[in-house]
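So the chains spell out like this:
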Amino acid sequence: MADEKNWIREAMFYHIYPLGFTGAPLQNEGEATAGGRILEVLDWIEHFKELGINAIYFGPIFESVSHGYDTTDYYQTDSRLGSKEDFKKVFTALHENGIRVIVDGVFNHVGRKFFAFLDVQKNLEQSDYKDWFCNLNFSWQSPLGDSFSYENWHGAAELVKLNLRNPAVCEHLLGAVGMWMDELGIDGLRLDAADCVDREFFKRLHSFTKGKREDFWLMGEVIHGDYSRWANPEMLHSVTNYELHKGLYSGHNDHNYFEIAHTIRRQFEENGGIYRGRILYSFVDNHDVSRIVNKLNDRGHLKPVYTLLYTLPGLPSVYYGSEWGIQGRKEEGDPALRPAIDLEEIQKNPPVPGLEEFVALLGKCRREYPVIGQGRYRELALTNRQYAFARIGEGEAAVIAVNNDENPAQMRIRLPLAAGKIVEALSGEPAQASGGELEVNLPADGCAIFICTE
């Protein structure tokens, strides 16, 4: 598989939470699974290709106790999922099919069965590992009954915060990253709870991975704040665009395209966008939030929502199952967001018929017309219920129009270039402009992608 330095510019992601995806037990009893549950991914490769997916982000795969974010061994795969050999089969098959592999790097905290924490529990102040964790206090009890207290992640006592200022801790983590790169060929890391991680560690991680592979990609989970604090030349290449995530559903629920347009204008406008030159990670749902069908008041908005996901600046990511419109509410607990799926059954009986095919069509358009994902952003027309913008390249542009109204809408859109040829990419039908303007008729909840060439 080619190691193009800029592969990420063309990436379209599929996000899998492996423990849920494979139906693994909620608690790890240490019993290895014959055959390895992770091998189920092999049966999905053709589906990935049909969607146009060329990168998979796997949630936690390191050995852990429960949900995967309570790591107990960075150098081993979760025994509920399979062996390193099983994962190598999967990753090799993905690479052979032109699909990159990103895995969760949970480096802010560990589970209580992590070897160094077990040593502290046993030897207390005499432990050689007492400096591996933040704010240990041997005169205070922990909420879980230890004779010492420690810093944890957001009050979750089962997640013990690592001291990333300790060189030994950093070496242990970087050693694991190097192993995953060398032995299993991963192409990048998604950094869990990146806004809590010591930023000096990210600088070390960036330098370490770049020294091994120029095209290795680092993406951080960041919910609030100035994304450039983490996505910058010294640290991470990208972060999760939660600001856009919120706008994509509420902008439709409220019939307020101004919210989405304002977010993109602030982030990526040609003149003044604060994240120009950066590529953020875009999504409509993931393993931590309700499914998009549950967020939307009107499921008719699914098509314009996914159209915006694939055409606005950012790397589009589809969370497994949402291409069929499966449900899952955060209020019902995390397992409801992370179900096992029978591929053959759901393809026969999709909850939202036609959605999978539409998402695949968007992937096809983005692949065939790179300007959709890589062109400069320019807003063209905006009302509460209609929105049009362009992605502009050299001698060509994509003009995208969406309608969140329950009625058809007509738009007149001034083109960003003098077009000699125009084709509507979703239908393949030719279109014409008059006087430099394109007259667009959108059905209720409709969308269109016009490819214009000089």
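Further up the page is the structure itself.
Residues numbered from 1 in each chain as written. Predicted model: local features only at pLDDT ≥ 70, side-chain atom pairs only at ≥ 80, totals over all residues. Heavy atoms only, no water.

### Quick look at the overall build of the protein
Here's step 1: Secondary structure assignment for the protein yields 14 helices and 22 strands.
Here's step 2: Relative to its length of 454 residues, the protein is compact, with a C-alpha radius of gyration of 23 Å against a globular reference of 22 Å.
Here's step 3: For the protein, the spread of C-alpha atoms along the three principal axes comes to 80 × 45 × 40 Å.
Here's step 4: Put simply, the protein has 454 residues, and 59% of those count as buried.
Here's step 5: Taking all contacts inside the protein whose residues are at least 6 apart in sequence as the whole, residues at least 24 apart take part in 69%. (Helix = DSSP H or I, 4+ residues; strand = E, 2+ residues; numbered from the N terminus. Rg over C-alpha atoms; globule rule 2.2 N^0.38 Å. Buried < 20%, exposed > 50% of the residue type's maximum accessible area, 1.4 Å probe, protein only. Contact = heavy atoms within 4.5 Å.)

### Regarding the sheet that holds strand β20 (residues 433–434)
Here's step 1: Across the sheet, which stays open at both edges, the three strands sit in the order β17-β21-β20 with antiparallel pairing between neighbours. This sheet does not close on itself; its edge strands, each paired only once, are β17 (409–414) and β20.
Here's step 2: In this structure, β20 lies alongside strand β21 (residues 437–442), joined through two bridges in antiparallel fashion. In the strand pairing of β21, S434 is matched with E437. (Pairing = 2+ DSSP bridges.)

### A word on the side chain of S149
Here's step 1: Along the chain, the position of S149 falls in the loop between α4 (115–123) and β7 (152–153).
Here's step 2: On the basis of relative accessibility, which here comes to 12%, the residue S149 falls in the buried class.
Here's step 3: Setting aside residues up to four positions removed in sequence, S149 forms contacts with N135, L136, N137, W140, Q141 and S142.

### Some thoughts on the environment of H252
Here's step 1: Mapped onto the elements, H252 comes out in helix α7 (residues 242–253).
Here's step 2: Here the alpha-carbon distance between H252 and D445, two residues 193 residues apart in the chain, equals 9.8 Å.
Here's step 3: Once residues lying within four places of it in the same chain are set aside, the contact partners of H252 are G247, Y257, I260, L296, H301, P304, V305, L308 and N404.
Here's step 4: Within the structure, H252 has its side chain in polar contact with the backbone oxygen of L248 (distance 2.7 Å).
Here's step 5: Of note is the side chain of H252, whose polar atom sits 3.0 Å from the side chain of Y257. (Polar contact = N/O pair within 3.5 Å; in protein donor to acceptor, adjacent residues only side chain to side chain.)

### Details of the state of the cysteines
Here's step 1: If you walk through the whole model with that rule in mind, you get zero disulfides.
Here's step 2: Unpaired in terms of disulfides, C134 finds its nearest cysteine sulfur in C170, a separation of 11 Å.
Here's step 3: With relative accessibility at 14%, the residue C134 sits in the buried group.
Here's step 4: Unpaired in this structure, C452 has its nearest cysteine sulfur neighbour in C365, at a distance of 13 Å.
Here's step 5: Residue C452 is classed as buried on the basis of its relative accessible area of 1%. (Disulfide = S-S within 2.5 Å.)

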